[in-house]
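A closer look at the structure
This is what each chain is made of:
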Amino acid sequence: MAEAGLSGYQSGAAASVKPELKRMTHDHVSQVMKLEQVSFKPSWTNISFHILIDRGCECWILEAEHSITGYAVCQVEGSLAHILNICVDRRSRGQGYGRQLLNHLLNQLEVSLEYAVLEVRRSNLKALNLYLSSGFQRQSTKPGYYPTDKGREDAILLVKSLR
């Protein structure tokens, strides 16, 4: 199912097919970018994803029937996991895919790392509730962290102990 105006972009796989977690490769970046661009303003560039893959970051997709439903990106810095991005296609939200991506990242990282951190927009209450219900705790606020159409928005810095 292609979304109007996004040639070649497919997401929101059929409900009968459960998306499968796969490590993101360079071949996935063009589809990931289309999901990124409809989900975030401003969005990352395709170069950003290629660099993160090349650096060995934890980059994962949820895919069903050649359709990417979501993705997650995490960078390891010493004993700290910095979750950079978790994104689920708007048409597939509310089905537990964000939690599935988050839990997968945390399971991959908890063996060798002490903490996971992430920033979330103050206005993104669904994501904030997901992170808080997964054991993250509010650490601080980063004023004006995210650009918006009307200026800037604060980010809430969240931390989770992995041990």
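The notes below deal with the structure included here. Everything numeric in this text was worked out from a predicted model, so none of it was measured.

Next up on the list: unusual backbone geometry. Going from K41 to P42, the amide bond is cis rather than trans, its omega being -10 degrees. The residue P42 is located in the loop between α1 (29–39) and α2 (46–54) in this model. Positive phi is not limited to glycine here, since E65 has a value of about 50 degrees. Within the secondary structure, E65 is located in the loop between β2 (58–64) and β3 (67–77). Of note, the phi angle at H66 is positive, near 60 degrees, even though the residue is not glycine. A residue is classified by how much of its surface remains accessible, and H66, at 65% relative accessible area, is exposed.

Attention now moves to α1. Within α1 the residues assigned to the buried category are V29, V32, M33, L35, E36 and S39. Take α1 and look down its axis: the buried residues cluster within an arc of 165 degrees, on one side only. The inward-facing, buried residues of α1 abut α2, β2, β3 and β4 (80–88).

Here we take up the state of the cysteines. Counted according to the given criterion, the structure contains zero disulfides. Free cysteine: C57, not disulfide-bonded; nearest cysteine sulfur from C59 at 5.4 Å.

Geometrically, a packed helix pair is captured by the angle between its two axes and the distance between the axes. Two numbers describe how α1 lies on α2: the axes approach to 9 Å, and their chain directions differ by 130 degrees. With respect to each other, α1 and α2 are oriented oblique. Relative to α2, α1 is oriented so that their crossing is right-handed. For the pair α1 and α2, contact is made by V29, V32, M33 and E36 and by N46, F49, H50 and I53, respectively. Considered class by class, the residues forming the contact of α1 with α2 number five nonpolar, two polar and one charged.

Glancing now at helix α4 (residues 125–133). Inspection of α4 places A127, L128, L130 and Y131 among the buried residues, and these make up the whole buried set. The buried residues of α4 occupy an angular sector of 160 degrees when projected down its axis, which confines them to one face. Residues of α4 that are exposed and point over 90 degrees away from its buried face: L125 and K126. Check the buried side of α4 and you find it contacts β4, α3 (97–109), β5 (115–121), β6 (137–148) and β7 (151–161). G135 sits one or two residues past α4 and shows a positive phi near 100 degrees.

On to a positive patch on the surface. Together, K41, R90, R93 and K126 give the surface a local cluster of positive charge. You can see R93 is positioned in the loop between β4 and α3. Its relative accessible area of 40% is what places R93 among the partly exposed residues.

With that settled, consider the sheet that holds β7. Judged by pairing direction, the sheet is mixed, and its seven strands sit side by side in the order β1-β2-β3-β4-β5-β7-β6 without closing on themselves. This sheet does not close on itself; its edge strands, each paired only once, are β1 (20–23) and β6. Averaged over all pairs of adjacent strands, the angle between strand axes in this sheet comes to 25 degrees, irrespective of strand direction. Most of the contacts of α1 go to β3, to which it runs at about 90 degrees, and overall it touches β2, β3 and β4.

Here is what the cut-offs are and how they apply
Residues numbered from 1 in each chain as written. Predicted model: local features only at pLDDT ≥ 70, side-chain atom pairs only at ≥ 80, totals over all residues. Heavy atoms only, no water. Helix = DSSP H or I, 4+ residues; strand = E, 2+ residues; numbered from the N terminus. Buried < 20%, exposed > 50% of the residue type's maximum accessible area, 1.4 Å probe, protein only. Arc of directions from axis to C-beta. Contact = heavy atoms within 4.5 Å. Disulfide = S-S within 2.5 Å. Axes fitted to C-alpha atoms, helices over the stretch in contact; angles between N-to-C directions. Parallel < 35°, antiparallel > 145°, perpendicular 65-115°, else oblique. Left-handed = near helix turned anticlockwise from the far one by under 90°. Nonpolar A, V, L, I, M, F, W, Y, C, P; charged D, E, K, R; others polar. Patch = residues over 30% accessible without salt bridge, like charges linked within 9 Å, V, L, I, M, F, W, Y side chains within 5 Å. Areas by Shrake-Rupley, 256 points an atom, 1.4 Å probe, with all protein chains shown as cover. Salt bridge = Lys/Arg side-chain N within 4 Å of Asp/Glu carboxyl O. Lys, Arg positive; Asp, Glu negative; His and termini not counted. Charge placed at Lys NZ, Arg CZ, Asp CG, Glu CD. Pairing = 2+ DSSP bridges.

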